[in-house]
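# Structural characterization, general
Listed below are the residues making up each chain.
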Amino acid sequence: LGEIETAAQPVLRSRNPEYSRVTNFFIRGDWRTRGKRVDPGVPPMFAPTSAEKVDSRARIAEWLVSDENPLTSRFTVNRHWEQIFGRGLMENLEDFGSASPPPSHPELLDFLAIQFRGEWGWSVKRLLREIVMTATYRQSAVTSAGAAEVDPRNIWLSRGPRNRLSAEMIRDNALHVAGLLSDKMNGPPVMPVQPEGVLRSPYNNETWETSAGEDQYRRAIYTFWKRTVPYPSILTFDAPSRDVCVPRRIGTNTPLQALVMLNDPVYWEAAGVMAENAKAEIGGETKDQIAHAFRQALLREPDALELGDLVALHDQLLADDEDAPALQLTMNAILNLDDFLTK
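Now for a look at the structure at hand. (Residues numbered from 1 in each chain as written. Predicted model: local features only at pLDDT ≥ 70, side-chain atom pairs only at ≥ 80, totals over all residues. Heavy atoms only, no water.)

On the surface, a cluster of negative charge is made up of Asp320, Asp321, Glu322 and Asp323. Checked against the element boundaries, aspartate 320 lands in helix α11 (residues 304-320). (Patch = residues over 30% accessible without salt bridge, like charges linked within 9 Å, V, L, I, M, F, W, Y side chains within 5 Å. Areas by Shrake-Rupley, 256 points an atom, 1.4 Å probe, with all protein chains shown as cover. Salt bridge = Lys/Arg side-chain N within 4 Å of Asp/Glu carboxyl O. Lys, Arg positive; Asp, Glu negative; His and termini not counted. Charge placed at Lys NZ, Arg CZ, Asp CG, Glu CD. Helix = DSSP H or I, 4+ residues; strand = E, 2+ residues; numbered from the N terminus.)

Below is the structure:
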């Protein structure tokens, strides 16, 4: 064992009980006026039925995933359902209390929670597979006029999910379609391209130094984050600033988001690379190059109207200015389509 190279990481261990911290009630919330001592445990309404006392962090952790506490599996299942469908079976992810709206499909939530902690052994992969293989998830996202009137928010699952990608996914998806996204894993944060002058710290001379090479094209999860100056394009698409805990993101649809997609250097560069790839891989007529890029971005063939509009846009740009980067601007328009921004 001594010959095995290991990381010098400190490991938490339980403090000797005689030196454990004493916790008391604060009378009227004043820490200077203390009431009776409080021992570790769980809320009385969730008191375990077993004889074993829940008096340590280890015992509480075991209780959290035990059959005596149904909330952990129910909350986990509901959160993953929300990530897939855009709305949880319990809409309020942050509130499973009596004041929150009731679940839309209580029996389904019960079934998934029991299976998740039982037969599926807390396997998130198994849970996600069961959900996405259902006929409900595999429905078309196109809805009829009647269904839209009766079920406008898709609470009753009358159609397949149709939700905008998250802020990080939108950026990663654009880089992936252009062939720029790096698959490099782990490591320190990176600084991808962003407009000049965004990071201006009044506390020091800190500046934004764009990472070199493939690091500037890594997944958005690796982007350097400063809470007082978050990465602007991600923030525009409803990513939280991380000042406070946010159980769920509330999506918006604003003109500023379209301006980001049309002007942010990341998306403009992705559009340029898409144009170059289309020329190199297809050649020939511009119409074929646009159709090729459309297939790469949306994973389907463009219909006659869509292709006609894009070709007309390209031709109009050249008619207005023969030196305009018309194909790059057309690729940028493809990245702005609802179908590209929506799951």
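With twelve residues, helix α6 (residues 167-178) ought to run about 16 Å at 1.5 Å a step, and its terminal C-alpha atoms sit 18 Å apart, in line with that. Burial within α6 is extensive, with nine of its twelve residues counted as buried. If you check which residues of α6 are buried, you get Ala167, Glu168, Ile170, Arg171, Asp172, Ala174, Leu175, Val177 and Ala178. Each element contacted by the buried residues of α6 is listed here: α7 (232-236), α8 (255-263), α9 (265-281), α10 (286-298) and α13 (338-341). One or two positions beyond α6, positive phi appears at glycine 179, with a value near 80°. (Expected span 1.5 Å × (residues − 1). Buried < 20%, exposed > 50% of the residue type's maximum accessible area, 1.4 Å probe, protein only. Contact = heavy atoms within 4.5 Å.)

With that settled, consider the environment of proline 230. With respect to the helices, strands and loops of the structure, proline 230 is situated in the loop between α6 and α7. Separated by 107 residues in sequence, proline 230 and serine 123 have C-alpha atoms that sit 34 Å apart. Every residue in contact with proline 230, bar those within four places of it in the chain, is listed here: Trp225, Leu235 and Ser241.

Moving on, we get to the nonpolar core. By size, the foremost hydrophobic cluster in this structure holds 43 residues, and its most contacted members are Met331, Ile334 and Phe340. With seven residues, α9 is the single largest residue contributor to this core. When residues no more than four places from it in sequence are discounted, the contact partners of isoleucine 334 are Ile290, Ala293, Phe294, Ala297, Leu298, Leu310 and Phe340. By size, the runner-up hydrophobic cluster in this structure holds 13 residues, among which are Val77, Leu89, Met90 and Leu109. (Core = buried A, V, L, I, M, F, W, Y, C linked by side-chain atoms within 4.5 Å.)

A few words now on the packing of aromatic side chains. In this structure the tally under the stated criterion is six aromatic pairs. Between tryptophan 208 and phenylalanine 224, the ring centres sit 6.2 Å apart and the planes meet at 70°, which makes this aromatic pair edge-to-face. With a gap of 16 residues between them, tryptophan 208 in the loop between α6 and α7 and phenylalanine 224 in the loop between α6 and α7 connect regions that are remote in the sequence. Members of the aromatic cluster, joined through ring pairs, are Trp81, Phe85 and Tyr137. The residue whose ring lies beneath arginine 218 is tyrosine 222, and the NZ or CZ to ring-centre distance is 3.8 Å. (Phe/Tyr/Trp six-rings, centres within 6.5 Å; stacked < 30°, edge-to-face > 60°. Lys NZ or Arg CZ within 6 Å of the ring centre and 35° of its normal.)

These results come straight from atomic positions and should not be treated as a statement about function.
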